[in-house]
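Examining the three-dimensional arrangement
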Amino acid sequence: MGGCFSKPKPVEVKIEVVIPEKERSKEEMSPNGKASPLVYKVNGTARHYHLEEHPIASNPYHNPKDVVEASVCHVKDLENGQMREVDLGCGKALLIKENGEFYAMGHKCPHYGAPLVKGVLSKGRVRCPWHGACFNISTGDIEDFPGLDSLPRFQVKIEKEKVYIRASKQALQTQRRTKMMAKCISLSNYNLSSTNVLIVGAGAAGLVCAETLRQEGFSDRIVMCTMDRHLPYDRPKLSKSMDSHPEQIALRPKEFFCTYDIEILTEMQVAAVDIKNKIAVFKDGFKMEYNKLLIATGNTPKALSCKGKEVENVFNIRTPEDANRVVKLATSKNVVIVGASFLGMEVAAYLTERAHSVSVVELEEVPFKKFFGERVGRAVMKMFENNRVKFYMQTEVSELREQEGKLKEVVLKSGKVLRADVCVIGIGAVPATGFLKQSGINIDSKGFIVVNKMMQTNIPGVFAAGDAVTFPLALRNNKKVNVPHWQMAHMHGRIAALNMLAHGMEISTVPYLWTAMFGKSIRYAGHGEGFDDVVIQGDLDELKFVAFYTKRGSRRWLLYNRMTSCVETLRSDEVVAVASMNYDPIVSKVAEVLAAGRTIRKRDVETGDMSWLTGKGS
């Protein structure tokens, strides 16, 4: 059936599963009482992957030959709160001691392979030093993102004051574990135009939502649809590793979606949503009923509005094909990047060694000024200039000139004319929510979908997640914010799934992001929008620094004035975000402090008092 171009005839596929008792007692979510197919085509246009059964994981201890046991240290070698990377001969593990107990699990973060021994141990979990993913030390389960997989957990025993670890050789090699998931119940007499859960968008939010539903034992039909032609992939790599092919950056292999009965319709666009009748209407006219709906459509890149904007070789980086095409065309040519955004600057950095010249055009005076502040922005700008990138600041593009239909020159409003064979646009994005304008779903003045702490919209059964939403951020006193970053999309998807299953789970994560340029990374945690000041420790010129972003806090402090014998009320400036370069794992440490609900005061970071890192501060 895979790859067929017509509507398949009903078939019966029986899959044996163990359904948790709590799942049996839950309200029946299927809108029509019918199960789902493994594959179908809509009007002969959509690609829908159908794959052979392929087990993703098995019990690593079933085969005794796959097990290794080794003595790794003396019980007194580790103090409480310490971690150590230990070698078992055929692989390494992370050994942890907390509250007098020993734990062992995979030593590399499944996301990008960061050494977790350099991360942060706090209250029963380890936070990755690179991108902030968190893992429970008792179970190895992932508790915060990015990344999809958990860590393998290994057995620990104490004999004669020596610590032994018993582990699967396979798990030591893979350093990752896919959590157990349910599958669909028996599939028969299905209705092609009806699903229990419909997920619009196949990015991080949509995929994590689908996986979480299966992890929680949900065994009815799940359909994801996407305008993209590919299965879900690691979108941040489009600007950080531009020559990557789709299969290299896929978040899950094709077999995964078949094994866990997660259906994906590619190249399918939802044009409208009928909330009264619970129907999604696709651009080609096809209609699909749903019971629960997740909208995770992300955003749409802004386009230039100048003369000549339609000429050839002008790109928004939206797909792997876009990124690959830019790399090919830019080799030994002149490249102009419009917009010193994260995407624009990452593309500029990536192309520097490949292109003849790289120029960046930006309306602001300094790159990242609103996000990182002027001093950090200037340090980053200097790093780019040292790598032959030319900046044209405080100006805009007035015209794109062509020769034989292809880009030849970029004309700036300042009057400067830049030679250009390729132009990449990185001037921001708008939420992809235009199709919801008449739906009744609450959309704010900027086009963002408004959700509560459980990722619910104003319409029962309709959830939203990812770059297209505003949600209450606990870190900023539940202010409604938009956080268009990879880690947050993962968490949105998980929270939405749990609340589709009526778990009543509220979002409380700390935003965490990173950018990579010239082999260096800036890590960032918190939400610094509207910061009042920046306190910098380290050396900006050496690109080894940590920047604390502070804002006048809402908390009031009582101070007794001996001169007046009065109690005065003061507001304290608080740290709301942190950024660093070559200063690991400070950002992950700050993220853990903020996640615990503790306040970091400006005066503490100004004086160098680091007691707040150990919980001795506020």
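Residues numbered from 1 in each chain as written. Predicted model: local features only at pLDDT ≥ 70, side-chain atom pairs only at ≥ 80, totals over all residues. Heavy atoms only, no water.

Where an unreviewed UniProt entry is consulted, the protein appears under the name Apoptosis-inducing factor 3, with the organism given as Apteryx mantelli. The annotation that UniProt attaches to the protein under Sequence similarities (unreviewed entry) is "Belongs to the FAD-dependent oxidoreductase family." (UniProt positions renumbered as here; feature names shortened; annotations may be inferred.)

Time to look at the overall build of the protein. Secondary structure summary: the protein contains 12 helices and 37 strands in total. For the protein, the proportion of contacts with a sequence separation of at least 24, taken over those separated by at least 6, is 64%. On the protein, roughly 28000 Å² of surface is accessible, and the fraction owed to carbon and sulfur atoms is 46%. (Helix = DSSP H or I, 4+ residues; strand = E, 2+ residues; numbered from the N terminus. Contact = heavy atoms within 4.5 Å. Areas by Shrake-Rupley, 256 points an atom, 1.4 Å probe, with all protein chains shown as cover.)

Now for the packing of aromatic side chains. Following the criterion strictly, the structure yields 15 aromatic pairs and no others. An aromatic cluster is defined as three or more aromatic residues linked by ring pairs; in this entry it consists of Phe342, Phe368, Phe371, Phe372, Tyr524, Phe531 and Tyr549. Residue placement shows Lys157 over the ring face of Tyr164; its charged tip is 5.8 Å from the ring centre. Between the NZ or CZ atom of Lys390 and the centre of the ring of Tyr392, over which it lies, the distance is 5.8 Å. (Phe/Tyr/Trp six-rings, centres within 6.5 Å; stacked < 30°, edge-to-face > 60°. Lys NZ or Arg CZ within 6 Å of the ring centre and 35° of its normal.)

What follows concerns the nonpolar core. Formed by 81 residues in total, the largest nonpolar core has its most connected members in Val126, Leu198, Leu213, Leu294, Ile295 and Phe471. Among the elements that take part in this core, helix α10 (residues 486-500) stands out by supplying eight residues, more than any other. Beyond its immediate sequence surroundings of up to four residues, Leu213 is in contact with Val197, Phe218, Ile222, Ala497, Met500 and Leu501. Counting 49 residues, the second largest nonpolar core, distinct from the first, contains Met242, Val326, Phe372 and Met581. (Core = buried A, V, L, I, M, F, W, Y, C linked by side-chain atoms within 4.5 Å. Buried < 20%, exposed > 50% of the residue type's maximum accessible area, 1.4 Å probe, protein only.)

So, about the packing of helix α3 (residues 204-215) against α10. The interhelical angle for the contact between α3 and α10, taken along N-to-C directions, is 40 degrees, at an axis separation of 7 Å. The hand of the α3/α10 crossing is right-handed. Taking contact as the criterion, the partners of Ala204, Ala205, Val208, Cys209, Thr212, Leu213 and Gln215 in α3 are, on α10, Trp486, Ala489, His490, Gly493, Arg494, Ala497, Leu498 and Met500. The residue makeup of the contact of α3 with α10, split by class, is 10 nonpolar, four polar and one charged. (Axes fitted to C-alpha atoms, helices over the stretch in contact; angles between N-to-C directions. Left-handed = near helix turned anticlockwise from the far one by under 90°. Nonpolar A, V, L, I, M, F, W, Y, C, P; charged D, E, K, R; others polar.)

Per the stated rule, a full pass over the model turns up 29 salt bridges. Arg221 is the salt-bridge partner of Glu263, the closest N and O atoms lying 2.9 Å from each other. With a gap of 42 residues between them, Glu263 in strand β14 (residues 262-266) and Arg221 in the loop between α3 and β13 (222-225) connect regions that are remote in the sequence. Residue class for Glu263 comes out buried when judged on its relative accessible area of 4%. (Salt bridge = Lys/Arg side-chain N within 4 Å of Asp/Glu carboxyl O.)

So, on to the pairing of strand β23 (residues 389-393). Where burial is concerned, most of β23 is hidden: four out of the five residues are buried. Looking at chain direction, strand β22 (residues 357-362) and β23 are connected through five bridges and run parallel. Across the sheet, Glu362 pairs through a bridge with Met393, a residue of β23. (Pairing = 2+ DSSP bridges.)

Once that is clear, we can look at helix α7 (residues 342-351). Within α7, eight of the 10 residues are buried, which leaves the element mostly enclosed by the surrounding structure. Looking only at α7, the buried set comprises Gly344, Met345, Glu346, Val347, Ala348, Ala349, Tyr350 and Leu351.

What follows deals with the pairing of strand β11 (residues 162-168). When strand β2 (residues 67-74) meets β11, the two strands line up antiparallel, connected through seven bridges. Residue Cys73 lies in a different strand from β11, and its bridge partner there is Val163. Where strand β10 (residues 153-159) and β11 come together, five bridges link them in antiparallel fashion. Along β11, the bridge assignment pairs Gln155 with Arg166. Between the antiparallel neighbours β10 and β11 lie two residues, among them Lys160 with a positive phi of about 50 degrees.

As a further point, take unusual backbone geometry. Cis peptide bonds are those with omega within 30 degrees of zero, and the linkage from Phe145 to Pro146 qualifies with 20 degrees. Note that Pro146 resides in the loop between β9 (142-144) and β10. In this model, Asp584 is joined to Pro585 through a cis peptide bond whose omega is 0 degrees. For Pro585, the location among the structural elements is in the loop between β37 (566-581) and α11 (586-595). Its identity is not glycine, yet Glu161 carries a phi of approximately 65 degrees, on the positive side. You can see Glu161 is positioned in the loop between β10 and β11. You can call Glu161 partly exposed: its relative accessible area is 45%. The backbone phi angle of Met455 is positive, close to 65 degrees, even though this residue is not glycine.

Moving on, we come to the sheet that holds β22. Pairing in this open sheet of five strands is parallel, and the strands run β20-β27-β21-β22-β23 from one edge to the other. For this open sheet the edge positions go to β20 (314-316) and β23, each flanked by a neighbour on one side alone. On average, adjacent strands in this sheet sit at an angle of 20 degrees to one another, irrespective of strand direction. As judged from the five bridges shared by strand β21 (residues 334-338) and β22, these two strands associate in the parallel manner. What sits directly across from Asn334, in β22, is Ser357. Sheet strands in contact with helix α6 (residues 320-330) are β20, β21 and β27 (422-425), and its direction is about 145 degrees off that of β20.

Relative to the helices and strands, Phe371 is located in helix α8 (residues 369-372). With a relative accessible area of 25%, Phe371 lands in the partly exposed category. C-alpha of Phe371 to C-alpha of Gly530: the two residues are 159 residues apart in sequence and 8.9 Å apart in space. Contacts of Phe371, omitting those with residues within four sequence positions, involve Phe342, His485, Leu513, Tyr524, Phe531 and Tyr549.

Backbone hydrogen bonds are what pair the strands of a sheet, in a parallel or an antiparallel way. Reading across the sheet, the three strands line up as β15-β16-β17 and stay open at both edges, with antiparallel pairing between neighbours. Taken across any chain shown, the strands that pair with only one partner, and hence form the sheet edges, are β15 (270-274) and β17 (287-289). Ignoring strand direction, the axes of neighbouring strands in this sheet form an average angle of 20 degrees.

Moving on, we get to the confidence of the model for the protein. For the protein, per-residue confidence averages 88 on the pLDDT scale, and 85% of positions sit at 70 or higher. Here residues 1-60 is modelled with pLDDT under 50, and outside its nearest four sequence neighbours on either side it reaches 134 contacts, counting other chains as well. (pLDDT = per-residue confidence, 0-100.)

What follows concerns α10. The periodicity of an α-helix, 3.6 residues per turn, causes residues three or four places apart in sequence to face the same way. Compared with the 21 Å implied by 1.5 Å per residue over 15 residues, the 22 Å span of α10 between its first and last C-alpha is a close match. By the criterion of burial, α10 is predominantly enclosed, with 15 of the 15 residues buried. (Expected span 1.5 Å × (residues − 1).)

Right, let's get into the side chain of Asn196. Looking at where Asn196 falls in the secondary structure, it is placed in the loop between α2 (169-174) and β12 (197-200). In this structure Asn196 comes out as buried when scored by relative accessible area, which is 1%. Within the local environment of Asn196, its side chain forms a polar contact with the side chain of Asp220, the two groups lying 3.3 Å apart. (Polar contact = N/O pair within 3.5 Å; in protein donor to acceptor, adjacent residues only side chain to side chain.)

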